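Structural description and commentary
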Amino acid sequence: MSVCLSVRSLCESCTGKPFFKVRKEANFLVIFILQELEQNLPVLAPDSSVLSSPPSDDIQVTWLGHASVLVQMDGLNILTDPVFSGFCGPNQFMSFKRYRPAPCSVDELPNIDAVCISHSHYDHLDLKSVKDLNQRFGECLHWFVPMGLKSWMSNAGCKNVTELEWWEETQFSKQKSNDNVTKFVFTPTQHWCRRTLMDENKVLWGSWTVVGPKHRFFFAGDTGYCKGFKQIGKQYGPFDFAAIPIGAYKPRLEKYIVANLRSGQSYLSLNRA
Ligand SMILES: [Zn+2]
């Protein structure tokens, strides 16, 4: 079964626009939207017994909020852009408060084998979450990151870090054998990155294409619709699962994050190219 998960970006820190401009307009709607969400899309804690025993012949996916997704396939537990903090920013005084809590903590995750980071925006790369994952899993964890981010990850305590350029591939196996080898490919997106006033686009951004012995999934991170979708689909598709963002509607930000219909089009491009 093929599945597309569209992840709405709740934090405008990655839009390139000053946050206060959109925040002023959005504040009037926040309470109403949160009530709507609680009714129609409540935050549910994942069932630990389900996470600890994924099916051996299928792919199991758990959305952990924003761009954080736990993908369990082909004997691996893979986490994307893990953010479990209550805010996004350099510290709690210069940050954007999270609208809705993460559904679980790092301590409640099953054993994680690999983490894929799409880009360095604060709502996709959270220092506290990285440190918490390192504290719990240590050297058992392998980090796959964009080119230019390895030194940051090492400073955060990450031991096993692979940084890749677009279209670069690397193979990963939990048992360090040739059995059950999974290929991690860093693939292009249409986006950008910045964490400070001085580091705009100093680190690469992108998506992750993960090709296992039986299943394959695509994680877009943040992206506008671009020709890369068809190229990725042609080279690595079709996919069993894809996590694709939905952009904010005001202001329109399709250059950096696909809008609703484009998200579906992106998925079709991945599978039909
Ligand atoms: Zn971003």
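Residue indices begin from 1 for each chain and proceed along its sequence in written order. Residue-level local features of this predicted model are given only where pLDDT is at least 70; pairs of side-chain atoms are given and counted only at 80 or more, and the full residue set underlies all totals for whole chains, interfaces and linings. As a convention, hydrogens and water are excluded, and side-chain values are obtained from all of the structure's heavy atoms.

Numbering of helices and strands starts at the N terminus; helices are DSSP runs of H or I of at least 4 residues and strands are runs of E of at least 2. Of regular secondary structure, the chain possesses 6 helices and 14 strands. Residue burial in the chain is summarised as follows: out of 273 residues, 51% are buried. Working rule for contacts: check all heavy atoms of both residues, and any pair within 4.5 Å makes them a contact. Of all intrachain contacts in the chain linking residues separated by at least 6 positions in sequence, the fraction that spans at least 24 positions is 63%. Of the roughly 13,900 Å² of accessible surface on the chain, a fraction of 53% belongs to carbon and sulfur atoms. Only protein chains enter the accessibility calculation, which uses a 1.4 Å probe; a residue whose area is less than 20% of its type maximum is buried, one above 50% is exposed, and one in between is partly exposed. Here the open area of atoms and residues is found with the Shrake-Rupley method and a 1.4 Å probe, where only the protein chains shown may cover a residue.

In an α-helix there are 3.6 residues to a turn, and that puts residues three or four apart on one side. Here helix H5 (residues 228-236) has its buried residues at Gly228, Phe229, Ile232, Gly233 and Tyr236. Within H5, the buried residues cover an arc of 135° as seen down the axis, which keeps them to one side. Here the arc refers to the set of directions running from the helix axis out to each C-beta atom.

This paragraph deals with the sheet that holds strand E7 (residues 114-116). With mixed pairing, the 6 strands of this open sheet are ordered in space as E2-E3-E4-E7-E8-E9. The open sheet has two edge strands with one neighbour each: strand E2 (60-63) and strand E9 (160-164). Averaged over all pairs of adjacent strands, the angle between their axes in this sheet comes to 20°, without regard to strand direction. Only strands that DSSP links by at least two bridges are regarded as paired with each other. For E7 and strand E8 (residues 142-146), the ladder comprises 3 bridges, and the chain directions are parallel. When the bridges of E8 are listed, Val115 appears paired with Trp143. To obtain an axis, a line is fitted to C-alpha atoms, over the contacting stretch when the element is a helix, and the angle between two such axes runs from 0 to 180 degrees between their N-to-C directions.

The next point concerns the pattern of salt bridges. Salt bridges are counted wherever a side-chain nitrogen of Lys or Arg sits within 4 Å of a carboxyl oxygen of Asp or Glu. Here the structure, examined in full by the defined rule, presents 5 salt bridges. One salt bridge connects Asp132 with Lys128, and the closest N-O pair in it is separated by 2.7 Å. Here Asp132 pairs with Lys128, and both are found in helix H3 (residues 127-137), just 4 residues apart, close to one helical turn. Looking at Asp132, the relative accessible area reads 24%, which means it is partly exposed.

Attention now goes to the coordination of the zinc ion. Here the coordinating atoms are restricted to nitrogen, oxygen and sulfur within 2.8 Å of the metal centre, or 3.2 Å for Na, K and Ca, and because water is not among them the sites may look incomplete. Taken together, the protein donors to the zinc ion comprise His119 (NE2), His121 (ND1), His191 (NE2) and Asp222 (OD), at separations of 2.2 to 2.4 Å. Positions of the donor residues of the zinc ion, expressed as sequence spacing, correspond to H-x1-H-x69-H-x30-D. Residue His121 is located in the loop between E7 and H3, and its partner His191 is located in the loop between strand E11 (182-187) and strand E12 (207-211); the two are separated by 70 residues in the primary sequence. Each member of the pair, His121 as well as His191, carries the same accessibility label: buried.

Our next topic: the side chain of His142. Mapping His142 onto the fold places it in strand E8. According to the relative accessible area criterion, His142 is buried, its value standing at 17%. Polar contact is defined as a pair of N or O atoms within 3.5 Å, subject to the rule that within protein one atom must be able to donate a hydrogen and the other to accept it, and that residues adjacent in sequence are counted only when both atoms are side-chain atoms. Within the local environment of His142, its side chain forms a polar contact with the side chain of Thr162, the two groups lying 2.8 Å apart. Apart from the residues within four sequence positions on either side, His142 is in contact with Asp113, Ala114, Val115, Asn160, Val161, Thr162 and Phe172.

This part is about the environment of Cys158. Secondary-structure assignment places Cys158 in the loop between helix H4 (150-155) and E9. For Cys158, the contacting residues outside a window of four places in its chain are Val130, Asn134, Trp143 and Met153.

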